Amino acid sequence: MSLSANFFRGATKFTVWRKSEPDPQDPYSGAAWSRFGVFNCTYEESPKLQKDNDGRMFKPSAAFYTKTATILRGDLVMVGDIAGDTPPNGTREVVHIKTAYPLFGTPDYDVYTG
């Protein structure tokens, strides 16, 4: 695979899973993952160092660039349109989200995984 192909991937989709809170009325229930949605994105493997909300530098494993504002820190993501409520092996946890405001149009969201 060429260096440029490994650095930046074209437009694709990614799947997001979100963890639900346990039922407070049921002491035996536990938190469960559910498929939150599939969104359009472009992504990059091994992006540059980034700064989190606390000012600490970190090296993300991947960056997903999207127009979707509903992704939260702690969600699990994976490239592709993956079926099922259980996240498969290889999913990555969202550790930081950065918002970029272009001159025209809707904001861009940079979703970084750890």
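Residues numbered from 1 in each chain as written. Predicted model: local features only at pLDDT ≥ 70, side-chain atom pairs only at ≥ 80, totals over all residues. Heavy atoms only, no water.

1. Points about the pattern of salt bridges
Reasoning step 1: Inspection of every chain in the model, using the stated rule, returns six salt bridges.
Reasoning step 2: Taking the shortest distance from any N to any O, the salt bridge between arginine 56 and aspartate 52 comes out at 3.3 Å.
Reasoning step 3: What makes arginine 56 partly exposed here is its relative accessible area of 49%.
Reasoning step 4: Residue aspartate 52 is classed as buried on the basis of its relative accessible area of 17%.
Reasoning step 5: With a shortest N-O distance of 2.6 Å, aspartate 108 and lysine 67 are connected by a salt bridge. (Salt bridge = Lys/Arg side-chain N within 4 Å of Asp/Glu carboxyl O. Buried < 20%, exposed > 50% of the residue type's maximum accessible area, 1.4 Å probe, protein only.)

2. Here's the deal with the side chain of aspartate 110
Reasoning step 1: As for its position among the elements, aspartate 110 is in strand β8 (residues 108–113).
Reasoning step 2: Once residues lying within four places of it in the same chain are set aside, the contact partners of aspartate 110 are Phe64, Tyr65, His96, Ile97 and Lys98. (Helix = DSSP H or I, 4+ residues; strand = E, 2+ residues; numbered from the N terminus. Contact = heavy atoms within 4.5 Å.)

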